[in-house]
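These are the residues of each chain, in order.
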Amino acid sequence: AEISVKALLHKYLSISQDIGLLKNILNKYSSTLDGRIYNQRETAHSPMYNYKTEISFNHDLGIFGDIIITGVDRYFYDDQENYTSNPYNLIHLNGGFALSNIKISLWIKNLLDEKYSVRGYIFDLDYTGVKLYTAYGNPRTIGTSIEFSF
């Protein structure tokens, strides 16, 4: 299920909330690798919730800004293992100004430079046993965008 709500707090200020809820259950699964049985748990890469909260400022003079907070619940990396990610929350900023046919913005993604895993791989690379190797999401990223309208 997904829910989206937006409210205008002031002529120039709005807030929005998006929530995604997922109930995806693996009824019974027998691993082809080692015969283990996995039962009554979420399937891989299926977080039970995710959300986005956004506060936006947009003035008639062309000045704008956004504060965006996103979050994701923990999830299993694989249907054949019990390793899970950690839940995480990120903060993003965007601001700038727009004139008649040009828009210039400065943005920061992952403002607090959170380290969060987005993918997990389970291997026995050195013959000492199965280990979890994780890939991480983007660190703090700062940039600028210029848009032209024709």
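Cut-off values and rules
- Residues numbered from 1 in each chain as written.
- Predicted model: local features only at pLDDT ≥ 70, side-chain atom pairs only at ≥ 80, totals over all residues.
- Heavy atoms only, no water.
- Helix = DSSP H or I, 4+ residues; strand = E, 2+ residues; numbered from the N terminus.
- Rg over C-alpha atoms; globule rule 2.2 N^0.38 Å.
- Buried < 20%, exposed > 50% of the residue type's maximum accessible area, 1.4 Å probe, protein only.
- Contact = heavy atoms within 4.5 Å.
- Salt bridge = Lys/Arg side-chain N within 4 Å of Asp/Glu carboxyl O.
- Polar contact = N/O pair within 3.5 Å; in protein donor to acceptor, adjacent residues only side chain to side chain.
- pLDDT = per-residue confidence, 0-100.
- Core = buried A, V, L, I, M, F, W, Y, C linked by side-chain atoms within 4.5 Å.

(A) Quick look at the overall build of the chain. A tally of helices and strands in the chain yields 0 helices and 11 strands. Counting from the amino terminus, helix and strand elements in the chain follow one another as β-β-β-β-β-β-β-β-β-β-β. Taken over C-alpha atoms, the radius of gyration comes to 21 Å for the chain, far larger than the 15 Å a tight globule of 150 residues would show. On the principal axes, the C-alpha backbone points of the chain span a range of 65 × 35 × 30 Å. A burial count over the chain gives 28% of its 150 residues as buried. Residue pairs in contact within the chain that sit at least 24 positions apart in sequence constitute 50% of those at least 6 positions apart.

(B) Region of the structure containing the pattern of salt bridges. By the definition in use, this model includes 5 salt bridges. Of the charged contacts, one joins K11 and D60 as a salt bridge, the two residues approaching to 3.3 Å between their closest N and O atoms. Taken together, the residues span a long stretch of sequence, with K11 in the loop between β1 (2-10) and β2 (13-21) and D60 in the loop between β5 (49-58) and β6 (63-72) at a distance of 49 residues. Under the relative-accessibility criterion, K11 is labelled exposed at 58%. Among the ionic pairs, E42 bridges to R74, the shortest N-O distance being 3.5 Å. In this pair, E42 is assigned in strand β4 (residues 37-42) and R74 in the loop between β6 and β7 (88-98), connecting sequence segments 32 residues apart. By relative accessible area, E42 is classed as buried at 14%. Put simply, D18, K52 and E54 are held in one network by salt bridges that share partners.

(C) Molecular detail of the side chain of S46. Relative to the elements of secondary structure, S46 occurs in the loop between β4 and β5. A distance of 3.4 Å separates polar atoms of two side chains, one belonging to S46 and the other to N24. Once residues lying within four places of it in the same chain are set aside, the contact partners of S46 are L22, N24 and Y75.

(D) The confidence of the model for the chain, seen in detail. This prediction gives the chain a mean pLDDT of 92; 99% of its residues lie at or above 70. The element-level mean pLDDT for the chain is lowest in strand β3 (residues 25-30), coming to 77, with β6 highest at 98.

(E) Just unusual backbone geometry, in detail. Here H45, not a glycine, exhibits a phi torsion of approximately 55°, which is positive. Take H45: it is sitting in the loop between β4 and β5. Residue classification places H45 among the partly exposed positions, given a relative accessible area of 33%. You will see that D113, though not glycine, has its phi angle at about 55°, which is positive. Tracing the backbone shows D113 in the loop between β8 (102-109) and β9 (117-123).

(F) Looking closely at the nonpolar core. Within the largest apolar cluster, 6 residues are counted, these being V72, Y75, Y77, Y88, L90 and Y116. In contact with V72, other than residues within four places in its own chain, are P47, Y49, N50, P87 and Y88.

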